[in-house]
Each structure stands twice: as C-alpha cells, then as structure tokens.
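Each chain, letter by letter, is given below.
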Number of protein chains: 4
Amino acid sequence: MGNISGHYFRVATFGESHGPAMGLIIDGLPAGVRIEENQIQLELNRRKPGNSPFVSPRKEDDQIEILSGLTDNLTNGAPLAMIARNVNQKPKDYSAINKMFRPGHADWTYYKKYGLEPQSGGGRSSGRETLSRVAAGAVARMLLKPLGITVSAATLSVGPIKSLRFDWDFAYGDPLLFLDPDLAIQAHQFVLSKHKLGDSVGAVIELKAEGVPAGWGDPVFDKLNARLGGAFFSIGAVKAVEFGQGLTLAQMLGSEANDPMGPSGPTTNNHGGILGGISTGRPIRARLFIKPTPSIAIEQKTIDLNQQNATIKVHGRHDPCLAPRLAPVAEAMCLITLADFFLAPPSRL
Amino acid sequence: MGNISGHYFRVATFGESHGPAMGLIIDGLPAGVRIEENQIQLELNRRKPGNSPFVSPRKEDDQIEILSGLTDNLTNGAPLAMIARNVNQKPKDYSAINKMFRPGHADWTYYKKYGLEPQSGGGRSSGRETLSRVAAGAVARMLLKPLGITVSAATLSVGPIKSLRFDWDFAYGDPLLFLDPDLAIQAHQFVLSKHKLGDSVGAVIELKAEGVPAGWGDPVFDKLNARLGGAFFSIGAVKAVEFGQGLTLAQMLGSEANDPMGPSGPTTNNHGGILGGISTGRPIRARLFIKPTPSIAIEQKTIDLNQQNATIKVHGRHDPCLAPRLAPVAEAMCLITLADFFLAPPSRL
Amino acid sequence: MGNISGHYFRVATFGESHGPAMGLIIDGLPAGVRIEENQIQLELNRRKPGNSPFVSPRKEDDQIEILSGLTDNLTNGAPLAMIARNVNQKPKDYSAINKMFRPGHADWTYYKKYGLEPQSGGGRSSGRETLSRVAAGAVARMLLKPLGITVSAATLSVGPIKSLRFDWDFAYGDPLLFLDPDLAIQAHQFVLSKHKLGDSVGAVIELKAEGVPAGWGDPVFDKLNARLGGAFFSIGAVKAVEFGQGLTLAQMLGSEANDPMGPSGPTTNNHGGILGGISTGRPIRARLFIKPTPSIAIEQKTIDLNQQNATIKVHGRHDPCLAPRLAPVAEAMCLITLADFFLAPPSRL
Amino acid sequence: MGNISGHYFRVATFGESHGPAMGLIIDGLPAGVRIEENQIQLELNRRKPGNSPFVSPRKEDDQIEILSGLTDNLTNGAPLAMIARNVNQKPKDYSAINKMFRPGHADWTYYKKYGLEPQSGGGRSSGRETLSRVAAGAVARMLLKPLGITVSAATLSVGPIKSLRFDWDFAYGDPLLFLDPDLAIQAHQFVLSKHKLGDSVGAVIELKAEGVPAGWGDPVFDKLNARLGGAFFSIGAVKAVEFGQGLTLAQMLGSEANDPMGPSGPTTNNHGGILGGISTGRPIRARLFIKPTPSIAIEQKTIDLNQQNATIKVHGRHDPCLAPRLAPVAEAMCLITLADFFLAPPSRL
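The rules behind these values
Residues numbered from 1 in each chain as written. Chains lettered and ligands numbered in written order. Predicted model: local features only at pLDDT ≥ 70, side-chain atom pairs only at ≥ 80, totals over all residues. Heavy atoms only, no water. Helix = DSSP H or I, 4+ residues; strand = E, 2+ residues; numbered from the N terminus. Rg over C-alpha atoms; globule rule 2.2 N^0.38 Å. Buried < 20%, exposed > 50% of the residue type's maximum accessible area, 1.4 Å probe, protein only. Contact = heavy atoms within 4.5 Å. Lys, Arg positive; Asp, Glu negative; His and termini not counted. Charge placed at Lys NZ, Arg CZ, Asp CG, Glu CD. Expected span 1.5 Å × (residues − 1). Arc of directions from axis to C-beta. Least-squares fit on C-alpha atoms with pLDDT ≥ 70 in both. Salt bridge = Lys/Arg side-chain N within 4 Å of Asp/Glu carboxyl O. Pairing = 2+ DSSP bridges. Axes fitted to C-alpha atoms, helices over the stretch in contact; angles between N-to-C directions. Buried area = accessible area lost by both parts, 1.4 Å probe. Polar contact = N/O pair within 3.5 Å; in protein donor to acceptor, adjacent residues only side chain to side chain. Nonpolar A, V, L, I, M, F, W, Y, C, P; charged D, E, K, R; others polar.

A. Geometry of the overall build of chain A. Each helix and strand in chain A was counted, giving nine helices and 18 strands. Here the C-alpha atoms of chain A give a radius of gyration of 21 Å, agreeing with the 20 Å that 2.2 N^0.38 yields for 349 residues. On the principal axes, the C-alpha backbone points of chain A span a range of 65 × 50 × 35 Å. In chain A, buried positions account for 68% of the 349 residues. In chain A, once contacts between residues fewer than 6 apart in sequence are set aside, the share between residues at least 24 apart is 67%. Charge-centre separation for chain A: the mean point of 36 positive side chains lies 4 Å from the mean point of 32 negative side chains.

See below:
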C-alpha cells in the first residue's frame, strides 16, 4: 500500500532497486498536453548518482521509456506509463552484512512490517524509488508550465554552514546545489571532510513555487500546506518541514507575524504563500530538514537477524549528503501536488 | 472538497461557526467498539473556549449528540454520526469590519477561491471546525486504547519561553498546558502581558504517541510521518512540524544522528519513532510550530472589499495564544491517523 | 465502510431506522449553487411511505434540516449537511420474531458480518437509509438543472403486467408510478390482490436521463455505465440492470444492434446513450429489475438465533411492491453519479 | 481517469493497442503471497485472440514480464508491476476508413471527450486493454485460492441458442466456451454462419464464484453486488447484468422469490449468493449480457470526421462473438473485486 498518490493527477509508482525496473503510471492527465521525453530524461539526470563527489559514485543509467499515453507527443487521455530498467545492480554478495540491521535505515521497520530480511532489497525504502517521482514531477512541470508556474529547490545549508544569500542560478550549477556562492567552497569542504572520515552530514533544502495563483488548496484535511507537507515528509530523510517563516513565527507576536494586506493580497510573505490552507498568490516557500545519510563507514552498534548484538560499518557507494539528490525530488513532490490542485473540480460555478 | 480524511477510518466533517451545527461522520468503525459518550464530551470540553484567560472568553456549549452507529453503546458497523449545535452565535453586526480582509486570516484566500465576502462566516476556516476533529479523535482513542496506545500533546514553549523539563501531569492541569512547572508562571505572564497590549503570541506544541507497535505506516506516499505531517499541517496556524530531533538532525553528522540498534529496535530515539515511514515501536515524537493568533486588537494595514486601503483592529473574543486550544486538536489528528493505520489491510499473510 | 460515494461530488450518509436521525454530508459542491430546501423536501415526500395502498402505511415525517453549507440559499463551498429525525420509531416489542432470520432479508448477512442479532435495526439495510440518497439526489438535480439535464424513473411493469406505452406525465400522478395508463388499473389490482394474500410482487423500473452531453464517463473502470450500474445495484432489491436494449442485444446480430451514425451522433439508441463507457449525447436509458418485497405475511421456513428451525410470518406495515418507493431512489443514484462526472477534472486542455 | 480500481487490492492499468506495451500495477498485495508467473501466462493465453474460429485470428504474443514486487516468487509488500509488449501492431494504413466513426464503437465518444480522431488507437477502448485485467485477476486468484475460492465463467448462450444444462468441464474445453455439450455444435454453426455473412452475434456469459464466505461486501454504496455489477459493466460490450434469478425475480411473488433459511443460511439460491449487499456463503451467480461485436463487414451508415454522411464496412480480424474472449475478463473482474473485499479492514473487533 501507499504507492498511489493524488486525487486527480494520480501517480502510481513501482520498482525495487534490485528488481528489473522502476516505473510509474500517471492517470488523470487531460488530453492535449505536450510531453517532451528528453525533458523528462534531463530531470532524471539531475537526480542521478555519480555526478559529483557529493553524491554516491554509483552509475545508474536511468534511461526512461514511455510505454503509453501519447499520440504524436501529446497526451491522449490514457494513462502515461514509463519505466527505467535497473542496469547497475551489484550482485548481493555481502552476505555477512546483509543479515544486520543498519542503524537509521528502514531495515528494522520493513522486517517488522513485512518480515523481510534486512537489506534484502525487496522493499521500497531505497532512494532509487524516487526516480519514479522525478519522472512524474517532470510531467507535472510540463502541465503547469503554460500557467507560468515554476518550482525550484536547492541546498540552503549543510551541517552548520547556512547560506546568507540566495543565488538560484549559481545553485543550479553547483554540484552541491548550494545557494550561497560565497559559502559554497566552505560547504563543499565541510561535506568532503566528513565524508573522508566515513561520516555523513545533514542539510536543509530551500524550496519555492512561483506563479501559483490564489485559490489553490482545500479547507480542512486537504489544505495546500497539509498536502505539500505530507508530500515532503514522504521523502525519506526529511525530518522537519516549515512553510514561510514557520519556525520563527512560533516565537513572534501577532503584530510581527501578520502580513499586511494590499490590493493584490499580502504585501509581505511571512506566511509562505498559503493562508487558511489556500494559496494567496505569493510565492510558496518551504524548507525541508534532511537528516544525514544513515549509511556511514563508521562502526555502529546494531543487531543481526538472530537478535545478537553486533557492530556494523556500512561501506559502499553512499551519498555523503542527501541534499543535492533530494532537491529534485522535493521539486517533483511539489509539482505533483500542485498538478493535483490544478486539475481539481471547480470551486465555484 | 477536502472535508473527508482517511482510507479505512474515514472521517467526514461539516459545519460553519455561523451555521446551525458542527458535526461529523465516521465510516469504517468495526462493530463492537465501546463508545462512551461522556468521554467524547470530556475531550470536547478540553478544546472549548472560555475556560481560562489564555483562550477566548467565548462561551460555546459544545453539547455532542450521537445520531447513529451505536447499539447499546457498542458500534454496530454503521457510520457513527455526531452533531453539536452552535448556540452562542453572536449577531453579525460589525458591518464595517466585515468588509475588510483580516491580515493573517483566510479571508483573502476564501474570497479568491469561493468568492465569499471577508468574515462572512461561510467558510470552514474558523477554529470551531476543529470540534469535529476532536470528537473523531475521541472515538479513535477508544478504538486504540485496548492496544495500549496513548497520545498526549502540551505546550512546549510560548514566544521565547521554552520548557526545560517535561511534566505531563502538570501540563494537563495548567490552563496554558505548559510542560515546565518551573517556567509556567513566567509563560502565563508573557502571554497575558502581550494580550493586554492587544497582541498575540506564537507557541510550540510537544506531541507524543506511546504504545504504537512497530510496523505501522506504508512505504512511499503513505509513510506514517507523511500522513501525520499532513494531518498536523491541516490544523490552521501550524507552520512547521518536526519528528524526533528533526531540526537538529539537519545539523548533525550521521554518526551522531543514527540511533544504535538493540534487540527490540533502536535504543535511542532521535528518529522520533519512525524509520522509512514505518513505526519502530519507540514513542512517536513530534513538534508543531504555531503562529500567533492572527486576530489582534492592534491596528494593521489592509484593504476592504473594494480594494481600497484601510486599517483594521480585530476586536473580539480571541485566543491570546492558540497552543492550549490546538493541543487537543493535535492529539485528535494523531489519533485519527493512527486509527487509520490500525484498520489497514494486513501487510503480510 | 461503504457509506461514502463519488470522487468529486462526494456523498457520505448515515442513520439507522431505529436511531435518532438519518442524514448525509455532500462534500465537493462548488460555491454558488442555489439550493431550494423545499425542493429537497418535495423529493423526500415522493419516497415517503404512507402515501398510497401500494406502499407501507407507516407514517414517516421526513422533515429535512440543513445544518451547514449554505449562505443565503447558495452553496458556499463548505460541505452541505442535512438530517431528518426519526419520529415514528415503533417500540421493538416483537421479541419473539426478532430473534428469527427473515428470508430474503439482510438479517443473515449482517449477523455473519457484524454479529448483529436479526432485526436488531442496528444495520444499514433498512429502506429508510435511502432517504439520505434522495436528499443528495435532490441537490444533484439542482446542480445539473442549469445544464438541461433531467432524470426520470417510473414503473415499467409489476409481475407479469408490462407497460406497452410510456406516459411519463401519467406515471408521475399514478400511485404505483405506472407508465401505461391503459394497464394501470390492471397493475393496481394485481398488486393489491397479492397483497391481500399477504404476498408481494416484483417489478421493473424504467429510467431515463435526458440532456447529458456527449463525453461524460471515463475509460476502463469508471465507465459511465459501470458507475451507474454500480449505483443502481447499490439499491436494495435491485437484482438486474440493463442499459439500452441490453437484454435483447445479447440475442441480436451486429447488423441489427449497431446504431447508425449521423452528424450529431448515433441516430438510434439501442446503446442507451453510452458507448465505450462514455455518454453519446443520446438519452441514457436503463432498466432496474426489482425483486418482490421480502417481508410477507405468508408462513416461511427459517431459523432462529439458536440455529433452530422455525417458521415466520412477517406482519407489519410493508410495501406490497417496492417500485414506487425505489423509483425516486433510482433517480437519485443516477443524479448523484451524473453530478460526479459533471464535476470531474477536464478531459482535455 | 478511470484506470485505477479498488480500495485495498488496487489495480492501475495502462496501455493502448497501438503503443509499445500494456501493463499494470497492483498495490496492496500483502507480503508472502506465492506468485506463479507461468500461471499468469496461462490465464493470459485464455483471453488471447487467434485460438479458434470464434475469435479474431490476430496473433498477439502476450508475453508477460514481472518488473517488481517479488522476492523468490513471493510478494514482498511492494507493488507488483507487469508489462506485455505489443508485438503485432499492424501499420495504420487504412487511411480512408480511419477518419470514419465506426457504429457501435467508442470512436464517437472518445472524439467528443478527448478530441481524438476516430480509430486513432490512442484511446483505451480496445479490447486489448483487458489483458491487464486478466493479469491482475490471475494474481487475485492466487491470493484467494488458499481460501478455497474459485471463479468460473463460460458461454451460456449465443444469439437464440441457450444452454439447457451446464457442463463446466466441457465448456472449458470448447473453443466457444459453450456450457451445453448437446447444443455446442449448433452454437458453433450459428456463430460461423453469421460470421460468414460478415455479421457478429450477441451472447450471455454465466459466472459463478464458489467458496466465498458469508460476510463479504459493505452496506449502501459498496454492496458486493454493486461492486461486482460495476466491475462487470466496466467490461466493454456488457449491456446487462443479473444476479441470481435477477430478471425472473422481477416477475415473481415474494413467496416464490424468498429463499428459505436453514442452519447454514439460505437453503436455495434465487438471491445468487448476496443478500443486503453482503455474501451469504452460497455461490455467487451472475449473468453478463454481451452485445454483438460492433465491427462487422456489412455496410453501415455513418459519418466521417467532417460530419459528412458515409458508409463503412469494418473489415479486419474481428471476433465473431465476444463471449469466449470476455469470459476470462469477467472472471478477472470478479476475482479483483473479491480480492478487494478479502483485504478489507475488519468488520468487527
């Protein structure tokens, strides 16, 4: 369960990293949307490992194939299905380690829920699962583009190093997706130095969605921030989410927190583009707090499948910092959620 | 849209503060659950205004009436429906103010979405809407109680004053629900002093769910933290949410962040009871960051329905701090979400 | 479970005949729909018992009360909730009979599913449940009326007596809702003669929906006929459903069955207004085959709660023929289903 | 829209006959279900064309490939995804005909809904779409088999020739799946004689589900017959559905229609295994009334894309009678629906 999202732009995903392929179906796409396959490929390439020292050196050839839903590059009202074969599956020969529960991983919970052996690769907790989300997000982006909606995510901070200014163009060219050009080198060095010690680092992702018109989102359970918040927390490693000046607002007075109103809505944006669960027309702003990659080459206490105490070092090709891999996923989840509200039934006649 | 939640424990709510009644339907309750009507009433009383200087002095007589679903106090498999009449509706005679958009409120977004006049009371953004959630949460609590599951929420901080120790028994007796007995007086005074100035204060709510067995939650889109996060963000005024050491984890190293594993799961709880989107068996811990009540008696810039600049002071019976009213709602949303996973189909045969 | 229907026009119903009230919530209504409360009342009156010798002489005072969702008689985007109190609940004093399973009733299945005693009135199988559907259907009718959509249902046949011509005006004035004025007396007499013997009769309901534009319905699982068919079968006592010349088509050749195409679609209507699961623009035509009322005053073999053989005569105020009560329900289910497709997301950009 | 079914056993399908592949995802399968890939293949082979003179001579190589969800042939809790490549796609060179709307087909409605040109192959109305359903049904069968549930469907009648006795073993070996060995030759000849004239014939499919325990199905909207009825009507060409003695019941008296009750439920089965929308424990019996294949080689009146009158003969490799192809699909839809109720949350604690 849990592999289908959305009410109107419905995304169903599948695939395990050790299986034959990853993939997805999008149901609910109206006919007539132009889909550029190479654009989907470009977005997938952004989330691929092996691109820089900050992410896993694994080579994944995420070659997408569209199986249905298009006629002459336009959606035809049928479900859009896509797959990407898994071609770089290493043989599972680390027999010793794969009976141990990796701390900070889903090994324990998948074992308790499904009875799966730790690291059996049978589950859905692998980061590779996000491939399907990014592909769906790319389609959502094409759907929303004619409305002038853009969604961007980059690295705000790694460990203690936090961007003081935001240069989005710079970030998109930086291997760490770091927002502040002045601090980028320092940020790089921080990550690499910890990685050299076998460790990993936490990070914060800054996300903005611009061009979303006022009036998207529903009251009560389907508030735009509820849906976006849920979507962000569905990304593994996200442990906190804030909208607008979220954390700070909790320490402010009402007279400081309220955004004054002008003829086109709130004139400032402490609220992060959402009031009462519905978009105000101002940019949506959110931050995702990412825990350090749990796979580290430092010895940790754990147990094996027989409940015996043990120690584990998780060697392998791991991401020293998840932010540059997860920023495209955060964009995708935002886009998928916005697409769902775009296609929602009319709120008034 | 947006007024129905859940896959298996399905809650549909209705009601506007200026209408005849609030209410809800729960579909999916198995037969044979003992429902204590007075217990539901007690939970509703906890969220009622008028109980202390920290919440609105409005008197609301939230008398619940069960309309269906019970035979001899046991659920009978039919939907459980409840209503509470709105008896303290003040006449809408503030004709001047109610053509102005209140800053920080949903007036603007409901106007853009539905075409409703500001403060028309027609929408679903009133805090009174949470009555239905608390009633549903009370039922969820009765469903989960035999499993040994308890859910508690209290005030961790108001403005800059943050609890240093947690005394849950104290909190439940404190009108501000403040967790730290040593700082409670200081917290009270802070809230009252700002309220005297016509202002309001932000706060943080601490929430814990104990007794949740390992294995609840689904991969990918329906992760337990995704569903809980979405549920918490569905509460008006919640602007950030963290699980476990969420915010801090983003600044930590993997070697610090990972919880070691012992024979019964993680031996520490940085992860807040959820790994890979599935419960570990450790207590679930979350924090909800609450913005200050947007209704303040201090003059603010705004516009009226004709897009003309104006100033507004929102007099009336407002909560100086939302935390004591929203903590029971946070519990309710957690309970409703957990009930949904409790009733989920089997994860293995 | 099973008490919520629809994707976009979502109807949640509740209530047992022996409980305090029946009711419903409609979520998904756009703002700005004019709702005439007295119109809903009129539709409820049509399904009320006690109106003629052909239906139960029970007096039910189905006084509807709207609890939310309206501002000045216009929908405001919030859920529309309605209840009707149960005022004519007879005391449950037939202690002997109510431990016996009534043949043809849901007593057995509710006992097996929920553990409820036969005739405990705790379940949802009472015909009174349809009150909520008719109320929802009345709202759907108001939503669809501006599009020129009308839905009508009447009695095509009772037992062996089948209408040879259709006079819808006549039918709406006939207590049996019989379509053929020439055979109506004969039909009346047939029903009354069987009723006098303590027996009941089966019937067929003719339904038409006119004005539905071409293009409603979705491929595969949500075909318009799949959704309508499911909706009709959700009405207790409906044991068969056909669309267009359904039954006859199974005996025809393709050259006879196919409707020729003209500039505005099919020029004949063997297909009953739906091709490939999507409306053609021609009237939608369906027939619902209704079993005889299972409650009869003739002795039948059964068992009691202790599995002992017994005989039962179900005395009481039962409908000799269900058709006149169920025709308004059939209209309602059709209207609810059509409203759902009316509010569906766009099928092309 | 409309390509995802079920609440708990959720099936999402995709694929157009002229596209690269057909496929499906099943979400909600518990871990630990043994899946025999060759068993799925065998079921697909049953629905394949080209097997007999009664179905299209098209060769489709429905080679299934499982892409995810299995570990050592056992489900692992992840979605099960499967595809089958389309290898026998004829070039679309009938340029003249494919601007004409074929009578009895979905050309017109897909054109009105999506703007697709007639016969563009872009839609989802091709019979090839049912491949995904049969694959899902094969999995459902494996899930239900340990409970002793079997589902069978065969041809009851073609045109006017109706089976007088049921020999299921014979039917499974007959190319027309005809139930009555005595009339099978006559039935064959009838179909072939009409086919020789370029015509096609309607039929009735008999379906039975044995071993379904009492208590499956939900009240009101999700009645077992509502869900099954909707599932059957989702099969193209099904124009009527009855349960038990459905059609006949409408002409019967209550005293004839009611099934007497014995210690293990109803002792006869007029009701077809379902009372009050819930299974009684008796075999579920249904009939599906199938219209003649709309593609016929006889000249018919139609229009072209420019709304000009025209005549059309649909040559090609069409099924003279749809029953033998649709019987496996009917089984599949029944199995999928039953699997959904098998996995439903508990109805009592």
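Having put the structure on the table, let's press on.
B. Quick look at helix 5 (residues 184–196) of chain A. All names here are of chain A. Between its first and last C-alpha, helix 5 extends 18 Å over 13 residues, near the 18 Å set by a 1.5 Å rise per residue. When helix 5 is considered as a whole, its buried residues turn out to be Ala184, Ala187, His188, Phe190 and Val191. Burial along helix 5 is one-sided: seen end-on, the buried residues are contained in an arc of 160°. Exposed residues lying more than 90 degrees from the buried face of helix 5 are Ile185, Gln189 and Lys196. Structurally, helix 5 contributes buried residues whose contacts are with strand 8 (150–158), strand 9 (161–162) and helix 4 (168–173). Phi turns positive, to about 85°, at glycine 198, one or two residues after helix 5.

C. Main features of the relation of the copies chain D and chain C. Superposing chain D onto chain C takes a rotation of 180° combined with a translation of 0.0 Å along the rotation axis, leaving an RMSD of 0.0 Å. This pairing of chains is accounted for by a two-fold axis. Among all C-alpha atoms of chain D, that of glycine 230 of chain D lies closest to the rotation axis, at 2.1 Å. In this assembly, 100% of the residues forming the interface of chain D have copies in chain C that are likewise at the interface, indicating an isologous arrangement.

D. A look at the pattern of salt bridges. All names here are of chain A. Within the structure shown, the criterion is met by 67 salt bridges over all chains. A salt bridge links glutamate 242 to arginine 287, with the shortest nitrogen-to-oxygen separation between them at 3.7 Å. Note that glutamate 242 is positioned in strand 11 (residues 238–243) and arginine 287 in strand 16 (residues 284–290), a separation of 45 residues in sequence. Note on accessibility: glutamate 242 and arginine 287 belong to one class, buried. Members of the salt-bridge network, linked through shared partners, are Glu43, Arg46, Arg141 and Glu331.

E. Focus on the sheet that holds strand 11 (residues 238–243) of chain D. Pairing is antiparallel in the open sheet, where ten strands are placed in the order 9(C)-8(C)-10(C)-16(C)-11(C)-11(D)-16(D)-10(D)-8(D)-9(D). Looking at strand neighbours, the two that pair on one side only are strand 9 (161–162) of chain C together with strand 9 (161–162) of chain D, the edges of this open sheet. In this structure, strand 8 (residues 150–158) of chain D lies alongside strand 9 of chain D, joined through two bridges in antiparallel fashion. Within the sheet, the bridge partner assigned to valine 158 of chain D lies in strand 9 of chain D and is isoleucine 161 of chain D.

F. Quick peek at the sheet that holds strand 8 of chain A. An order of 9(A)-8(A)-10(A)-16(A)-11(A)-11(B)-16(B)-10(B)-8(B)-9(B) is seen for the ten strands of this open sheet, with the pairing classed as antiparallel. If you trace the sheet from one side to the other, it starts and ends with strand 9 of chain A together with strand 9 (161–162) of chain B, each paired once. Against the sheet, helix 6 (residues 224–233) of chain B engages strand 11 of chain A together with strand 10 (203–210), strand 11 (238–243) and strand 16 (284–290) of chain B, with an angle of about 155° to strand 11 of chain B.

G. The arrangement of the interface of chain D and chain C in detail. In this complex, chain D contributes 99 residues to the contact, which on the side of chain C involves 99 residues. Interface area, chain D with chain C, both sides summed: about 7,600 Å², of which 63% is carbon and sulfur. Connecting chain D to chain C are two salt bridges. Aspartate 218 of chain D is the partner of lysine 113 of chain C in a salt bridge, and the nearest nitrogen-oxygen pair spans 3.7 Å. Remark: the boundary between chain D and chain C carries 41 residue pairs in polar contact (both at pLDDT 80 or more). Looking at which element gives the most residues to the side of chain D that touches chain C, the answer is helix 2 (residues 107–114) of chain D, with seven residues. When grouped by side-chain class, the residues that make up the side of chain D that touches chain C number 47 nonpolar, 36 polar and 16 charged.

H. Spotlight on the relation of the copies chain C and chain B. Rotating chain C by 180° and translating it 0.0 Å along the rotation axis places it on chain B, where the RMSD comes to 0.0 Å. A high fraction, 100%, of the interface residues of chain C reappear at the interface in chain B, so the copies pair face to face through one surface.

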